[in-house]
Amino acid sequence: RRGAVLRTGVKPVLRMRGGGEESAIDHDGVYGAVSRHSMTLNGVWSTKVRGKDLDAPPETVEVIPMKVDCIAEWIPNLHKGPNPMVQKMWPVNSNFCDNEESIISVLYVNSARAQAKKITTRQWLRAGPRREIRFKPEKVVAAIVTCGGLCPGLNNVIREVTMTLLHTYKARKVWGIPFGYMGFYSEPWRELTEENVDQIHRRGGTILGSSRGGHDLEKIMESLIKFNVNQVYVVGGDGTHRGANLISKEAAKRQIAMTVAGVPKTIDNDVAFIDKSFGFDTAVEAAAQVIKCCSIEAQDAHDGIGIVKLMGRECGFVSIYATLAAGDVDICLIPEVPFDLDKLFNYIKHKLDTKGNCLIVVAEGAGQEYFEGVDHGTDLSGNKKLPDIGGFIKDQAKAWFAEHEKRTVNVRYIDPSYQVRSVPTIASDSIYCSALGSNVVHGAMSGLTGFSCGKINDRYAYIPIDEMCDPARTVRIDSQNRMYMRMLRQTGQPNFKKDE
């Protein structure tokens, strides 16, 4: 970790934590080192930094392994052959991962805060090509499906998965499934080729279309078997990945040599374990541009109040990052932190009195405590349809200033949700999507299944879907963490919480 130093003469050591069988690791193609043993990390960091107390005993950190299933575990005599990349010229043929190569999550040492939060360190199977693969490339028939709402980068992922399958591995065929899970059994499939995906990354959205719901396991399995599909690639969020996991488990139950792999997609950036989700940087960039426009609107109106509502049903990552990127936001409201309307409007009054305008960013899931008893139903994914918090603040602000201040305010309200999620990717996301798309294919070709792929501690890793989609594991912004505090310092906003 930055700021920490290694003790002189002490080398990092990974040790098996006792209790298991020493021979439990299968070096013949099943990824046992990350499947059966928890680990301890001994003597890595000094207990103090910058040369103090070097004689103090080093800390020991327990590391929990995250097992990824391999179809070789239930398919006897599964094919094993050389990766065609081995025959390619340098540097490709020197860029392979060992079957048991793994990475670990960020380590926090000498941190009372991390200990208080009981932060767990995990061991992950590293993503990348293996020297041996479990499929004959000429027999690979793959299907790609995109589900849920739109997000920048979907076409980039589709393109990279297709190109890696067809160009790198010479797969037999790649199918694109139209309009989400329902497309498996209700729409004509579209064959993807190197030619027809070559330029799709230059547009937003998804060339396959997308939808919510529609996961009928029996019908999906029937279609996959009918078309001889043995690799399924699913791009979507939490619910989509749970559906992918059901397909993976059903294939295992039926003893079918079929891998199912996912790429996590959510514009809200609330996927467990990974550093960030693809498309997030692009969404923040697009949101920051909208905030800039709204700022001008507020500045050029008498007693102008600008309100921008951004995506974020249950967490406010987009709002906070866009606020930090914009630099001139006065108030940022997120779902994790309730706010009192009177305190909010009194602070808006202060900003109007001192600078003549006020700029507000609000996540769509913020302030839902003001809509108790309001039911707009759910979407096809089962997500609750949220009342419009931006419109609510707009109307309440006008009413509050008229009643308490006898003052007319000019409110400019912008909801750019569809604009933000449908734009093409910026450069950083384009690179990220390419790496995700290629790595997820490498994992599937090596026989892994029931996994997703993401960046953990700035390294690409394979993540068991069971772990990633555990209902008990949620990703939320802690109002005591450094990112939130950084936002507060920048906006200067006070505590809007109701008095106890």
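Heads up: these notes are all about the structure in this document. (Residues numbered from 1 in each chain as written. Predicted model: local features only at pLDDT ≥ 70, side-chain atom pairs only at ≥ 80, totals over all residues. Heavy atoms only, no water.)

### Some points on the overall build of the protein chain
A count of helices and strands for the protein chain gives 14 helices and 20 strands. Looking at the protein chain residue by residue over its 500 residues, the buried ones come to 54%. Considering only residue pairs separated by 6 or more positions, the protein chain has 77% of its internal contacts joining residues 24 or more positions apart. When the accessible surface of the protein chain is split by element, carbon and sulfur atoms take 48% of a total near 22900 Å². (Helix = DSSP H or I, 4+ residues; strand = E, 2+ residues; numbered from the N terminus. Buried < 20%, exposed > 50% of the residue type's maximum accessible area, 1.4 Å probe, protein only. Contact = heavy atoms within 4.5 Å. Areas by Shrake-Rupley, 256 points an atom, 1.4 Å probe, with all protein chains shown as cover.)

### Points about the side chain of T206
If you trace the backbone, T206 turns up in the loop between α4 (194-197) and α5 (217-226). According to the relative accessible area criterion, T206 is buried, its value standing at 11%. Side-chain polar atoms of T206 contact the side chain of T146, separated by 3.1 Å. (Polar contact = N/O pair within 3.5 Å; in protein donor to acceptor, adjacent residues only side chain to side chain.)

### Side note on a positive patch on the surface
Together, R113, R482, R486 and R489 make up a positively charged patch on the protein surface. When residues of the positive patch are assigned to their parent elements, the largest contribution, 3 residues, is made by helix α14 (residues 482-491). Position of R482 among the secondary structure elements: in helix α14. On the basis of relative accessibility, which here comes to 60%, the residue R482 falls in the exposed class. (Patch = residues over 30% accessible without salt bridge, like charges linked within 9 Å, V, L, I, M, F, W, Y side chains within 5 Å. Salt bridge = Lys/Arg side-chain N within 4 Å of Asp/Glu carboxyl O. Lys, Arg positive; Asp, Glu negative; His and termini not counted. Charge placed at Lys NZ, Arg CZ, Asp CG, Glu CD.)

### Here we look at α14
Along α14, the positions that sit buried rather than exposed are Y484, M487 and T491. What you see down the axis of α14 is that its buried residues fit within an arc of 60°, all on one side. Seen from the buried face of α14, the exposed residues on the opposite side, beyond 90 degrees, are R482 and R489. Measuring from the backbone nitrogen of M483 back to the side-chain oxygen at the start of α14 gives 3.3 Å, which picks out N481 as the cap. Following α14 by one or two positions, G492 adopts a phi angle in the positive range, close to 80°. (Arc of directions from axis to C-beta.)

### Quick word on the pattern of salt bridges
Pairing between side chains of opposite charge can happen when the charged atoms of each approach one another. Using the criterion set out here, one finds 22 salt bridges in the structure. When the shortest N-O distance is used, the salt bridge between K67 and D69 registers 2.7 Å. As a salt-bridge pair, D198 and R159 come within 3.3 Å of each other at their nearest N and O atoms. Residue D198 is located in the loop between α4 and α5, and its partner R159 is located in helix α2 (residues 154-168); the two are separated by 39 residues in the primary sequence. What you see here is one network of salt bridges that share partners, running through D303, K349, D353 and R407.

### Overview of the packing of α2 against helix α12 (residues 427-445)
Two elements in contact, α2 and α12, have axes whose closest approach is 8 Å; the angle formed by their N-to-C orientations is 40°. One finds that α2 runs oblique with respect to α12. α2 and α12 meet at a crossing whose hand is right-handed. Mapping the contact onto sequence places N156, V157, E160, V161, T164 and L165 in α2 and S430, C433, S434, G437, S438, V440, V441 and H442 in α12. For the contact of α2 with α12, the per-class residue count stands at 6 nonpolar, 7 polar and 1 charged. (Axes fitted to C-alpha atoms, helices over the stretch in contact; angles between N-to-C directions. Parallel < 35°, antiparallel > 145°, perpendicular 65-115°, else oblique. Left-handed = near helix turned anticlockwise from the far one by under 90°. Nonpolar A, V, L, I, M, F, W, Y, C, P; charged D, E, K, R; others polar.)

### Concerning unusual backbone geometry
Across residues other than glycine, the phi torsion is negative in most instances, and most of the peptide bonds are trans. Positive phi, close to 60°, is recorded for N228, a residue that is not glycine. Take N228: its relative accessible area is 52%, and that puts it in the exposed class. Positive phi, close to 50°, is recorded for D303, a residue that is not glycine. Note on placement: D303 falls in the loop between α7 (280-299) and β14 (304-310). Residue class for D303 comes out buried when judged on its relative accessible area of 10%.

### Digging into the packing of aromatic side chains
A full pass over the atoms with the stated rule returns 15 aromatic pairs. Look at W175 and W189: their rings are 5.9 Å apart centre to centre, the planes differ by 70°, and that puts the pair in the edge-to-face class. Here W189 lies in the loop between α3 (183-186) and β11 (190-192) and W175 lies in strand β10 (residues 173-177), a separation of 14 residues in the sequence. W175 gets classed as buried once you look at its relative accessible area, which sits at 15%. Relative to Y370, the ring of F339 lies with its centre 5.6 Å away and its plane at 45°, an arrangement referred to as tilted. Here F339, found in the loop between β15 (331-333) and α9 (341-355), pairs with Y370, found in the loop between β16 (357-363) and α10 (389-404); they are 31 residues apart in sequence, far enough to count as distant. (Phe/Tyr/Trp six-rings, centres within 6.5 Å; stacked < 30°, edge-to-face > 60°.)

### Details of the environment of D379
Among the structural elements, D379 can be located in the loop between β16 and α10. Distance in space between the C-alpha atoms of D379 and G213 is 8.6 Å, their sequence separation being 166 residues.

### Observations regarding the packing of helix α8 (residues 317-326) against α14
Orientation of α8 relative to α14, taken along the N-to-C sense of each, is 40°, at an axis distance of 10 Å. Looking at the two axes, α8 sits oblique to α14. As for the relative orientation of α8 and α14, their crossing is left-handed in sense. Within the contact between the two elements, α8 uses I320, Y321, T323 and L324 and α14 uses M483, Y484, R486, M487, Q490 and T491. When grouped by side-chain class, the residues that make up the contact of α8 with α14 number 6 nonpolar, 3 polar and 1 charged.

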